[in-house]
Amino acid sequence: MHTFFNVEDLGCLDKALDEAREIKQNRFGYQSLGKNRTLLMIFFNNSLRTRLSTQKAAMNLGMNVNVLDVNAGAWKLETERGVIMDGDKSEHLLEAIPVMGSYCDIIGIRSFAGLTDREFDYAETIVQQFVKYSGRPVFAMETATVHPLQAFADLITIEEHKTKARPKVVLTWAPHCRALPQAVPDSFAQWMNAADVDFVITHPEGYELDPKFTGNARITYNQMEALEGADFVYAKNWSCPGVTRPEDYGKILCKDMSWTIDSRHMAVTDNGKFMHCLPVRRGLIVTDDVIEGPSSLVIPEAANREISAEVVIKRMLEAL
Amino acid sequence: MHTFFNVEDLGCLDKALDEAREIKQNRFGYQSLGKNRTLLMIFFNNSLRTRLSTQKAAMNLGMNVNVLDVNAGAWKLETERGVIMDGDKSEHLLEAIPVMGSYCDIIGIRSFAGLTDREFDYAETIVQQFVKYSGRPVFAMETATVHPLQAFADLITIEEHKTKARPKVVLTWAPHCRALPQAVPDSFAQWMNAADVDFVITHPEGYELDPKFTGNARITYNQMEALEGADFVYAKNWSCPGVTRPEDYGKILCKDMSWTIDSRHMAVTDNGKFMHCLPVRRGLIVTDDVIEGPSSLVIPEAANREISAEVVIKRMLEAL
Amino acid sequence: MHTFFNVEDLGCLDKALDEAREIKQNRFGYQSLGKNRTLLMIFFNNSLRTRLSTQKAAMNLGMNVNVLDVNAGAWKLETERGVIMDGDKSEHLLEAIPVMGSYCDIIGIRSFAGLTDREFDYAETIVQQFVKYSGRPVFAMETATVHPLQAFADLITIEEHKTKARPKVVLTWAPHCRALPQAVPDSFAQWMNAADVDFVITHPEGYELDPKFTGNARITYNQMEALEGADFVYAKNWSCPGVTRPEDYGKILCKDMSWTIDSRHMAVTDNGKFMHCLPVRRGLIVTDDVIEGPSSLVIPEAANREISAEVVIKRMLEAL
């Protein structure tokens with residue numbers, strides 16, 4: 001595996017899930033793979049879970065880890081050619097990227113959507129430069145449009161907690177005070193479409209996710225109807241993806257607090273489990289009683305981030 | 001050992017000191033204990049000595065180390081339930097703490113006193129949440145009221161340099177330009193009370209430390225009298241602990257420069273050794289000639305921070 | 001080897017180059033040297049290449065690495081004696097340095113020129129304190145006046161790409177929008193004087209480098225004449241070194257864009273290779289077509305930073 005952005009990069013999902021189960025039982029069994037190998041984790045944005053879980057996964061595999069926190073304000077990369085670089089950008093990405101690649105074996109990169117230029121974000125402009133110029137395998141630690149380590153951990157968690165062969169999984173939009181990217185719901189939709197689940201998406205009008213991620217998933221504006229009989233409720237806020245009205249890209253179109261997941265919502269599910277990628281804003285996305293209740297999976301879900309990262313890095317090591 | 005905040009957590013002090021001596025001779029002898037174990041160091045405040053010495057100790061033991069610098073301004077944790085989190089706090093500690101715990105085996109935490117709310121500080125509100133919710137052994141890398149890795153290193157240093165079976169140890173307040181927490185003098189008092197030394201505390205009126213730390217120690221407002229015949233002079237500034245007048249908590253009550261330790265003070269000791277936890281402000285706490293002189297122990301004292309941390313982490317590893 | 005600042009610290013250059021070649025073929029062959037040894041990397045200034053390549057080199061050698069980012073604004077060191085430290089400097093270097101030394105085996109330090117006080121910068125005031133008080137071997141990760149890990153990597157690169165026994169190497173000044181230190185050209189001049197090359201320096205009048213670095217090198221103000229028949233063109237900006245007019249130290253005296261290296265400059269060389277230490281500002285130092293062209297060595301040059309660092313750290317480990 002040379003890149004990890006989309007669900008197809010993993011190949012057969014069932015095989016990947018088997019591998020995840022095996023690694024969860026035996027986290028330190030592949031240290032010969034990572035010996036004298038270096039992971040470079042590049043953060044253009046803050047991170048808690050991703051930083052700790054990915055670093056843990058790489059160390060489980062016996063790797064050395066270098067973490068580079070790029071303060072976007074201090075270290076701006078020029079991306080254009082033919083420019084006289086006399087402004088605030090002190091290095092061109094055409095130099096920076098191959099240099100970073102020369103000091104490591106695998107690159108993990110976090111670079112969020114700017115939410116101002118849809119075309120730039122959805123082309124994954126920044127990350128694709130790393131794929132093209134670094135000379136190294138590259139995996140996403142959340143990019144402008146995908147967060148596959150999260151979606152893979154979500155799927156592992158669903159597999160561990162499902163009580164039916166084909167559970168009903170509902171991705172529901174929920175309100176938030178800030179404009180958030182679509183990377184998490186994009187990837188979650190992509191992965192659920194690839195998994196053997198009954199998948200439904202619900203959100204207010206105008207929040208349609210990009211069809212390249214939602215595919216043939218059922219979509220409804222009626223949240224309560226969507227939640228009926230659900231086995232898993234995956235709540236998440238996202239800002240307007242700009243699919244129907246590109247001029248609304250990145251905007252907050254709705255703050256309707258009736259979408260906040262509370263016991264009333266959970267009551268119509270089939271003893272549904274509550275999921276969220278974290279960090280979560282209580283009182284907006286979900287109420288205290290639901291997230292603290294016995295049906296909440298948010299902590300085991302976060303713990304599985306170590307496992308999804310380890311499977312991905314292990315496969316990249318095997319392919320070196 | 002599952003927590004390390006107070007001297008009692010170590011059990012028999014003599015045995016702990018023996019262990020410190022043994023580890024100082026053989027720092028790399030326990031690497032099988034730490035193999036595939038991860039220490040997570042969480043800093044809510046800056047650190048130089050603690051960061052380097054604790055990380056060194058963990059690496060001596062063969063552990064992996066993850067360091068998380070929490071910029072208090074950027075990453076605020078909500079602590080209340082029932083709140084709509086639409087402000088600047090993006091994550092609730094009830095999620096953040098167990099998640100951090102899931103990626104490590106042992107947690108070290110630094111969280112200083114805010115010095116505005118005595119009850120909040122002295123209840124160790126932040127740190128106790130980590131003990132309660134992380135599911136991991138937790139040790140203090142200086143909390144609101146204790147700094148036991150420092151006090152343990154201080155005791156090791158006193159044991160190494162004492163020339164009498166039961167030396168006289170004086171903790172003396174000294175002036176400073178900023179309001180400082182009481183964690184260092186609190187822990188030092190607690191540890192000296194537990195050790196086999198003749199312990200005296202001296203400070204200006206109003207600076208009484210909390211009795212739960214000072215116990216039955218002799219306390220005097222007469223600094224020169226306290227220093228007479230001292231074998232060890234432990235200087236430290238602290239702000240008002242608010243014991244007698246809670247409304248003065250965290251305030252600077254005195255800037256009397258006659259308390260600055262100089263050669264005149266050291267002259268009344270019994271060839272007393274000078275100690276301080278560092279960083280130290282010269283000219284306020286102590287004069288250049290005293291801290292640079294042959295009786296100064298500040299550098300070996302700091303070097304022993306590696307040893308105290310290694311004993312503590314080793315014991316936590318053994319109890320996993 | 002106990003310090004690494006100047007070319008003489010390496011001893012015989014040919015032997016060092018042999019060692020570099022050997023290490024490049026066998027990066028992980030000396031891990032027994034670094035086992036249970038700790039490198040402390042102290043950064044007073046930002047870093048990308050130096051941070052990643054030096055850390056990689058130390059990990060190649062089996063060492064533990066501790067990185068300390070000193071935010072110059074937050075953690076100011078007092079350097080004078082006899083001062084009452086009641087200002088913004090919270091620790092004296094006479095304590096801080098031996099303490100840092102006590103937690104490691106080798107120190108790497110980055111501390112740029114301030115460019116305001118020539119005497120202070122050229123005396124290497126900060127770095128010399130580390131040499132004097134840390135009790136550890138110290139190497140430069142770019143100091144006020146030298147950047148020997150870069151110059152050594154440059155020499156390795158020239159050796160790898162030269163097509164003549166004694167190539168012509170030209171160090172040429174080029175324009176920049178900010179005032180930059182002289183550390184890179186100082187070290188490059190020093191190393192080229194020591195190497196078996198035909199070395200020429202060219203820059204506008206007033207940019208004379210300190211003679212202790214340029215020695216007997218040929219110097220001309222005529223850039224095109226200097227470049228004629230060059231095998232290697234090493235471009236770099238620097239601010240006024242203040243040799244002839246001390247009052248101009250650190251100033252920008254010239255912004256003449258005719259000095260920017262473009263195809264017209266490269267045309268007079270003998271199929272010359274283009275070199276730069278990076279980061280480079282395109283359009284000021286060099287044009288896109290030259291730096292992207294087949295004669296550009298900037299990426300292999302940066303990659304050799306891992307090798308130069310590994311040779312230096314290996315030698316320090318051997319001498320412990």
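Note that the structure is predicted; figures quoted are calculated from it, not measured.

## Observations concerning the relation of the copies chain B and chain C
Superposing chain B onto chain C takes a rotation of 120° combined with a translation of 0.0 Å along the rotation axis, leaving an RMSD of 0.0 Å. Such a combination of rotation and displacement between the chain copies is what one expects of a three-fold axis. Considering only C-alpha atoms, the residue of chain B closest to the rotation axis is Asn64(B), which sits at 5.8 Å.

## A closer look at empty space enclosed by the protein
All names here are of chain B. For the structure shown, the criterion picks out two cavities of 30 Å³ or more. Space inside the largest cavity adds up to approximately 40 Å³. Taken together, Leu17, Ala20, Arg21, Lys24, Ile156, Glu159 and Glu160 make up the full set of residues lining the largest cavity. For the lining of the largest cavity, the secondary-structure elements that each account for two or more residues are helix H1 (13-25) and helix H7 (148-161). At four residues, H1 tops the list of elements feeding residues into the lining of the largest cavity. The calculated volume of the second largest cavity comes to roughly 30 Å³.

## Details of the interface of chain B and chain A
Note on interface size: it is often stated as the accessible area lost on association of the parts. Between chain B and chain A, the residue contacts involve 28 residues of the former and 30 residues of the latter. Both sides of the chain B and chain A interface together cover about 2500 Å² of buried area, and 57% of this is carbon and sulfur. On the chain B side of the contact with chain A, Asn36(B), Glu95(B) and Tyr103(B) bury the most area, a combined 27% of that side's loss. Run the count over chain B and chain A and you get three salt bridges.

## A few points about the packing of helix H4 (residues 93-102) of chain A against helix H13 (residues 298-318) of chain C
When two helices pack together, their arrangement is given by the angle between the helix axes and the distance between those axes. Put simply, H4(A) and H13(C) touch, their axes get as near as 9 Å, and they point 35° apart. As H4(A) packs across H13(C), the resulting crossing turns out to be right-handed. Seen from H4(A), the contacting residues are Leu94(A), Glu95(A), Pro98(A), Val99(A) and Ser102(A); seen from H13(C), they are Val298(C), Ile299(C), Ala302(C), Ala303(C) and Glu306(C). In the contact of H4(A) with H13(C), the residues fall into seven nonpolar, one polar and two charged.

## Points about unusual backbone geometry
For the bond running from Leu278(A) to Pro279(A), omega is -5°, close enough to zero to count as cis. Topologically, Pro279(A) is positioned in the loop between strand E12 (273-275) and helix H12 (288-292). Its identity is not glycine, yet Leu115(C) carries a phi of approximately 65°, on the positive side. Along the polypeptide, Leu115(C) turns up in the loop between strand E6 (106-110) and helix H5 (118-122). Residue Leu115(C) is classed as buried on the basis of its relative accessible area, which comes to 13%.

## What to know about the environment of Phe43(A)
All names here are of chain A. Residue placement: Phe43 occurs in strand E2 (residues 38-43). The spatial distance from the C-alpha of Phe43 to the C-alpha of Lys168 is 35 Å, given a sequence separation of 125 residues. With sequence-adjacent residues up to four places away left out, Phe43 is seen in contact with Thr50, Arg51, Val67, Leu68, Asp69, Val70, Arg110 and Met141.

## Some words on helix H4 (residues 93-102) of chain B
For an α-helix, the turn length of 3.6 residues means that residues three or four places apart are oriented alike. Buried residues dominate H4(B), accounting for ten of its ten residues. Here H4(B) has its buried residues at Leu93(B), Leu94(B), Glu95(B), Ala96(B), Ile97(B), Pro98(B), Val99(B), Met100(B), Gly101(B) and Ser102(B).

## A word on the pattern of salt bridges
Tallied over the entire structure, the rule returns 73 salt bridges over all chains. Salt-bridge contacts for Glu91(B) lead to Arg49(A); the nearest nitrogen and oxygen are separated by 2.9 Å. Note that Glu91(B) is positioned in strand E5 (residues 89-92) and Arg49(A) in helix H3 (residues 49-60), a pairing that runs across two chains. Of the two residues, Glu91(B) and Arg49(A), both sit in the buried class. The network of salt bridges with common partners includes Arg81(A), Glu95(A), Arg282(C), Asp288(C) and Glu292(C).

## A closer look at the packing of H3(A) against helix H13 (residues 298-318) of chain A
Residues and elements named next belong to chain A. Close contact between H3 and H13 brings their axes to 8 Å; oriented N to C, the two are set at 50°. Judged by the angle between their axes, H3 and H13 are oblique. Seen from above, H3 lies across H13 with right-handed handedness. Contacts between H3 and H13 involve Arg49, Thr50, Ser53, Thr54, Lys56, Ala57, Ala58 and Asn60 on the former and, on the latter, Ala302, Arg305, Glu306, Ala309, Glu310 and Ile313. The residue makeup of the contact of H3 with H13, split by class, is five nonpolar, four polar and five charged.

## Observations regarding the UniProt feature "binding site: N(2)-succinyl-L-ornithine" (unreviewed entry) in chain A
Residues and elements named next belong to chain A. Annotation from UniProt places "binding site: N(2)-succinyl-L-ornithine" (unreviewed entry) at Glu142, His176, Lys236 and Arg281. Tracing the backbone through its elements, the reader meets His176 in the loop between strand E8 (168-173) and helix H8 (183-194). A polar atom in the side chain of His176 sits 3.0 Å from the backbone nitrogen of Arg178. On the secondary structure map, Lys236 appears in strand E11 (residues 232-236). In this structure Lys236 touches Leu171, Thr172, Trp173, Ala174, Leu180, Val184, Pro185, His276 and Cys277, once residues within four positions along its chain are discounted.

Definitions and cut-offs
- Residues numbered from 1 in each chain as written.
- Chains lettered and ligands numbered in written order.
- Predicted model: local features only at pLDDT ≥ 70, side-chain atom pairs only at ≥ 80, totals over all residues.
- Heavy atoms only, no water.
- Least-squares fit on C-alpha atoms with pLDDT ≥ 70 in both.
- 1 Å grid on protein atoms, 1.4 Å probe; cavity = no way out; pocket = protein on both sides within 12 Å on 5 of 7 lines; lining within 4 Å.
- Points joined across faces, edges and corners; volume = space filled by probe spheres on them.
- Helix = DSSP H or I, 4+ residues; strand = E, 2+ residues; numbered from the N terminus.
- Contact = heavy atoms within 4.5 Å.
- Buried area = accessible area lost by both parts, 1.4 Å probe.
- Salt bridge = Lys/Arg side-chain N within 4 Å of Asp/Glu carboxyl O.
- Axes fitted to C-alpha atoms, helices over the stretch in contact; angles between N-to-C directions.
- Left-handed = near helix turned anticlockwise from the far one by under 90°.
- Nonpolar A, V, L, I, M, F, W, Y, C, P; charged D, E, K, R; others polar.
- Buried < 20%, exposed > 50% of the residue type's maximum accessible area, 1.4 Å probe, protein only.
- Parallel < 35°, antiparallel > 145°, perpendicular 65-115°, else oblique.
- UniProt positions renumbered as here; feature names shortened; annotations may be inferred.
- Polar contact = N/O pair within 3.5 Å; in protein donor to acceptor, adjacent residues only side chain to side chain.

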